[in-house]
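Structural overview
Here is how the chains run, residue by residue.
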Amino acid sequence: MLSGKTVLIGITGGIAAYKICELIRMFKRANANVKVICTPNAMNFVTKLTLQNLSQNEVGIEEFEIPDFKPEHISYADGADIMVIAPATANTISKIANGICDNLLTSVVCAFHKPVIIAPAMNCNMWQNQAVQENLKKLAAYGYTILEPENGFLACGYEGQGRLCALEKIFDAAVKKLSQQKPLEWEKIIITAGGTIEDIDPVRYISNYSSGKMGIALADTAYSLGADVHLITTVSTQKPYVVEKVKSAREMQNALDETFQNADCVIMAAAVADYRVKQQSEQKIKKTSDEEITLTLVKNPDILKHLCEIKTHQTVVGFCAESENLIENAKEKISQKGCDYLIANDISRKDIGFSSDYNEVSILKKDGSIKKLEKADKYTIARQIFEEIYG
Ligand code: PMT
């Protein structure tokens, strides 16, 4: 039921921590990948070895424990589809509600931008405490799902509301949240489209035959798959996602400079002019008696290459427009630019590529592998490209 999904379980220091061993088994039986992180206090109630054996994954407790290129709390946050905090103590609830990050678990929740389910369990008087209730209201308003504790006999000897809710309720809430997710939900994707325009004078320009159709098909598809889309385009279009109109290569570069750091993925489908005129004329260039005139061109920035040089966590995808030796040139281009994927298309063909509603592409990966996609409409090609990138 949950294959391909990663459930991150956060255990805090309450007696109900022992029940979470069974919750881990429930998620494992549903084929989820389960990762567990605990507050140091939780270790008074369960052992690391038990949780490791049940989850079949390393258990995180202290920050800075596992060497990784990313800080640990970010790796945990990025690597899961949902987080379940059970049992959640009054202490941890109050820290999360106030943005406090003083251990691995609270730091991970703060960096987590997907659904979080919180199942509190505590003494009934603590549950009724006004500060705790205010903090729970805050968390609910922030979008966290709170599964209220049940009434009954409590481990501390009291009778009242405070017992961890049924494990089935936590499991069902997680399954429901995961089934509502779209495959690209929470992904911030920037897509460029259209041909850049390099002015010569107020009436003339250098450009190319890009219609923007490929880039727009990618942007529409990403949006329909749930992504947070930012389209940077030279072609005007109205969409339910963010559309930023630009003209020249340098304007496109500026738009990317502003947005790249916060993106998860960038796809450069735009046909960017390699050169622009050195001196743009402010006035219309007049016809003279000369038979020839000379325009000096200077190199534009290589936007794709620059993004690959500065990228941290982003997936960077380029396109490659060739009129001959498609695969040979694309292989050279992917290593020269340094992108994760390069989508090669033959722009000498009239039935695909520039301005056509169709395309036929080969997807080159950084590891040297190549996948050919048969001729199809650009929306089908776009969907197949996302399947390749996101698996
Ligand atoms: O818009 P359509 O009519 O639908 O046509 C689609 C398309 C043919 C334009 C598209 O499929 C395509 O191939 N886009 C890339 C065109 C291109 O500029 O290819 P290139 O091989 O010259 O450049 C390689 C990559 O570097 C591209 O991702 C390009 O965006 C990028 N680049 C190029 C030059 C430059 N100065 N900066 C860049 O970032």
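Refer to the structure printed above.
Note that the coordinates shown come from a computational prediction; the quantities given were computed from them, not determined experimentally.

For the ligand, the set of nearby residues contains 29 residues, the closest of which are Ser-210, Ser-211, Lys-333, Asn-345 and Ser-355. One of the backbone nitrogen or oxygen atoms of Pro-301 is found 2.9 Å away from a nitrogen atom of the ligand. Between an oxygen atom of the ligand and a side-chain N or O atom of Lys-333, the distance comes to 2.4 Å. Among the secondary structure elements, those contributing two or more residues to the shell around the ligand are α9 (213-224), α11 (303-310), β17 (315-322) and α12 (326-337). Of all the elements, β17 adds the most residues to the shell around the ligand, at 4 residues. Here the shell around the ligand is built from residues that sort into 15 nonpolar, 8 polar and 6 charged.

It is worth spelling out the nonpolar core at this point. Ranked by size, the top nonpolar core spans 38 residues in total, and within it Leu-23, Phe-27 and Ile-170 carry the most contacts. Mapped onto this core, the elements with two or more residues apiece are β1 (6-11), α1 (20-29), β2 (33-38), β4 (82-88), β5 (116-120) and α8 (167-180). Per-element tally for this core: the top contributor is α8, with 7 residues. Once you skip the residues sitting within four places of it in the chain, Ile-170 turns out to touch Leu-23, Val-84, Ala-86, Ile-117, Ala-119, Leu-147, Leu-164 and Cys-165.

Okay, the sheet that holds strand β3 (residues 59-60) next. Read from one edge to the other, the open sheet built from 6 strands follows the order β3-β2-β1-β4-β5-β6, with strand pairing classed as parallel. Among the strands making up the open sheet, the edge pair consists of β3 and β6 (145-146). Across 6 bridges, the pairing between β1 and β2 is parallel. Note on β2: the bridge partner recorded for Leu-8 is Lys-35. Each of β1, β2 and β4 is contacted by α1, which is oriented at about 180° to β1, the strand it contacts most.

This brings us to the packing of α1 against helix α2 (residues 48-55). For the pair α1 and α2, interaxial distance at closest approach is 9 Å and the crossing angle is 15°. Classed by the angle they form, the pair α1 and α2 counts as roughly parallel. Regarding α1 and α2, the two cross each other, and that crossing is right-handed. Facing α1, whose interface residues are Cys-21, Ile-24, Arg-25 and Lys-28, α2 presents Thr-50, Leu-51, Leu-54 and Ser-55. Class assignment of the residues belonging to the contact of α1 with α2 gives a composition of 4 nonpolar, 2 polar and 2 charged.

Spatial strand order, β13-β12-β9-β14-β17-β18-β19-β20: 8 strands in an open sheet with mixed pairing. Both outer strands of the open sheet, β13 (242-245) and β20 (370-377), are each paired with one neighbouring strand and no more. Adjacent strand axes in the sheet meet at a mean angle of 20°, parallel and antiparallel pairs treated alike. Relative to β13, strand β12 (residues 228-233) is paired through 4 bridges, and the arrangement is parallel. Paired with Thr-233 across the bridge in β13 is Lys-245. Of the strands in this sheet, β9 (188-193), β12, β14 (265-268), β17 and β19 (358-365) are in contact with α9, which crosses β9 at around 160°.

Definitions and limits used
Residues numbered from 1 in each chain as written. Predicted model: local features only at pLDDT ≥ 70, side-chain atom pairs only at ≥ 80, totals over all residues. Heavy atoms only, no water. Near = heavy atom within 4 Å. Polar contact = N/O pair within 3.5 Å; in protein donor to acceptor, adjacent residues only side chain to side chain. Helix = DSSP H or I, 4+ residues; strand = E, 2+ residues; numbered from the N terminus. Nonpolar A, V, L, I, M, F, W, Y, C, P; charged D, E, K, R; others polar. Core = buried A, V, L, I, M, F, W, Y, C linked by side-chain atoms within 4.5 Å. Buried < 20%, exposed > 50% of the residue type's maximum accessible area, 1.4 Å probe, protein only. Contact = heavy atoms within 4.5 Å. Pairing = 2+ DSSP bridges. Axes fitted to C-alpha atoms, helices over the stretch in contact; angles between N-to-C directions. Parallel < 35°, antiparallel > 145°, perpendicular 65-115°, else oblique. Left-handed = near helix turned anticlockwise from the far one by under 90°.

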